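Descriptive analysis of the structure
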Amino acid sequence: MKKSVITFVCLLLVVALLGFTVWSGADLGFVKIPSIRNTDEGVRLGLDLVGGSIITFEAQADANMPAEELGRNMDIVVDMLRQRLDFQGFHEAQVYKTGDRRVTVEIPSISDPEQAVQTLGSTAQLQFTDDDGAVILEGNQVADAVAEYGPVDSTGIKQNYVSLELTDEGLTLFTEATKKAASNTEGKNHINIMMDGQVISNPMVSSQYADTGITSREVMITGNFTAEQAGQLANNIALGQLPFGLDQVEMRSVGAQLGMTALTSSIKAGVIGLALVMLFMLVVYRLPGLVSCLALLFYCVLEGLALVMFKVNLSLPGIAGIILSIGMAVDANVVIFERIKEELSAGKTLRSSIDSGFHRAFGAILDSNITTFIAAAVLYFFGKGTIVGFAVTLGLGIVLSMITALTVTRLLLNSLVGMKVTNLKLYGLNERRDA
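Below you will find a few notes about this structure. (Residues numbered from 1 in each chain as written. Predicted model: local features only at pLDDT ≥ 70, side-chain atom pairs only at ≥ 80, totals over all residues. Heavy atoms only, no water.)

**Quick look at the overall build of the protein**
What the protein contains, in helices and strands, is eleven helices and 15 strands. A total of 435 residues make up the protein; the buried ones form 45% of that total. Once local pairs closer than 6 in sequence are excluded, the contacts in the protein between residues at least 24 apart make up 74%. When the accessible area of the protein is evaluated, it comes to approximately 21,700 Å², of which 57% is carbon and sulfur surface. (Helix = DSSP H or I, 4+ residues; strand = E, 2+ residues; numbered from the N terminus. Buried < 20%, exposed > 50% of the residue type's maximum accessible area, 1.4 Å probe, protein only. Contact = heavy atoms within 4.5 Å. Areas by Shrake-Rupley, 256 points an atom, 1.4 Å probe, with all protein chains shown as cover.)

Next comes the structure, spelled out in structure tokens:
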């Protein structure tokens, strides 16, 4: 019994400590946890809540450039700017073409347009490295990268591949690097393609080039690529250098589209909804309902901690994702408690009913959360702007709600049994049984 009391009290203290940390922040020396109220170092608010900067660029392309080539190059520019913003955590930023030769960027939280321009130009560039990390090529030594479909060897079998065109300087460096890689006998025979410090591809150099290296200006990167994968890799390589210069034709700061009033109203609505859910759980499930309320509080502080640690961009759709995941956390508890009541009605003891209830509920909870997580993942990888923010908060909420429902709730219920709280009326049954 003493152990159960200590466990129960410790969990309550952990909830209180984490809640205080999320609200006030903490500097632990090896890591700094910003306050959730600090929108500069912690949670970033979206353009719809705090405003930001809008910059429009115009391509300085040759006036005689064919429309198809211009369109392809403008797509490369959009992808490059999008990747730079994502790399710095501005997932809520918007990048889109305006007309044939212009691209507009909307960045939340940065009210100074000059600072926003510096943000777009401050990330690393494309690099080719060997397996030891030594830089072989810079992005400006690759003249072009295009996704192709056709035969790549003597078999004549067609497949998707990426065709690189090297500059004269790039060809000299690449030939020497591939000769070294192909003759390596320790497995270090790859050329790693790095974008903003991340490996986006690591093709292997065949041993057939051990004597000469690759001497052709046209280089093929092959693999089991789909057309989409080959196109994405080609675009990423082309991101290492803009296809043409960009002139800033407009820079301005904008106010919040909805304002802090919308944020306050959304938070208030979320708190009211949370209180009503807790009241429902207390009335319907009694003591397990109280346990679910404590687990829900634990979930909320974990969600807040994740938001500040990952510096999530929070817009109104992101807040909707958080509230939706709260509902899913409660739904998991409802499934568990109903299974426990069924086991108690069948005459099992309280402790065995709790164990069986969690075991029977696990499959249903896992399936429902996995399907929702898949939907969140699809929105994250294929969505844009505020849709990505919604996917991030929903995905985080799903993972954390699973943790709290299956571990914290179970630990609290077992602690209550260990504390001899075994009156079955407190667990939702009208008929008293021996526990």
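After that view of the structure, there is still more to cover.
**Describing the side chain of Asp130**
Relative to the helices and strands, Asp130 is located in the loop between strand 7 (126–129) and strand 8 (135–138). A distance of 2.9 Å separates a polar atom in the side chain of Asp130 from the backbone nitrogen of Ala134. The residues contacting Asp130, other than those within four sequence positions of it, are Ile136, Lys180, His190 and Asn192. (Polar contact = N/O pair within 3.5 Å; in protein donor to acceptor, adjacent residues only side chain to side chain.)

**Structural notes on the pattern of salt bridges**
Any two side chains of opposite charge can pair, on the condition that their charged atoms come close. According to the stated counting rule, one finds eleven salt bridges in the structure shown. Where Arg102 meets Glu58, a salt bridge forms, and the shortest distance between an N and an O atom there is 3.9 Å. With Arg102 in strand 6 (residues 102–108) and Glu58 in strand 4 (residues 52–59), this pair connects stretches of sequence that are 44 residues apart. Each of Arg339, Glu342, Glu343, Lys348 and Arg360 takes part in one network of salt bridges that share partners. (Salt bridge = Lys/Arg side-chain N within 4 Å of Asp/Glu carboxyl O.)

**Regarding helix 10 (residues 350–382)**
Between its first and last C-alpha, helix 10 extends 47 Å over 33 residues, near the 48 Å set by a 1.5 Å rise per residue. Approximately 35° is the largest bend angle found in helix 10, and it occurs at Phe362. Taken together, the buried positions of helix 10 are Leu350, Ser353, Ile354, Ser356, Gly357, Phe358, Ala361, Ile365, Asn369 and Ala376. Considering only its buried residues, helix 10 is in contact with helix 9 (316–345) and helix 11 (386–418). (Expected span 1.5 Å × (residues − 1). Bend = angle between axes of the 7 residues up to and from the residue.)

**Notes on unusual backbone geometry**
Positive phi outside glycine occurs at Arg286, with the angle close to 60°. With respect to the helices, strands and loops of the structure, Arg286 is situated in the loop between helix 7 (260–285) and helix 8 (287–309). Phi at Lys420 takes a positive value of approximately 70°, unusual for a residue other than glycine. For Lys420, the position within the fold is in the segment after helix 11.

**Some words on the packing of aromatic side chains**
To describe a pair of aromatic rings, you give the distance between the ring centres and the angle between the ring planes. Counted according to the given criterion, the structure contains two aromatic pairs. Centroid distance Tyr285 to Phe337: 5.5 Å. Interplanar angle 55°. Geometry classified as tilted. Residue Tyr285 is located in helix 7, and its partner Phe337 is located in helix 9; the two are separated by 52 residues in the primary sequence. For Tyr285, a relative accessible area of 5% translates into the label buried. (Phe/Tyr/Trp six-rings, centres within 6.5 Å; stacked < 30°, edge-to-face > 60°.)

**Brief notes about the sheet that holds strand 11 (residues 192–195)**
Strand order in this open sheet of four strands is 8-7-11-12, and the pairing throughout is antiparallel. On the outer flanks of this sheet lie strand 8 and strand 12 (198–201), each paired with one strand and no other. Neighbouring strand axes in the sheet, compared pairwise and without regard to direction, differ in orientation by 35° on average. In this sheet, strand 11 lies alongside strand 7 in antiparallel orientation, the contact comprising four bridges. What sits directly across from Thr129, in strand 11, is Asn192. (Pairing = 2+ DSSP bridges. Axes fitted to C-alpha atoms, helices over the stretch in contact; angles between N-to-C directions.)

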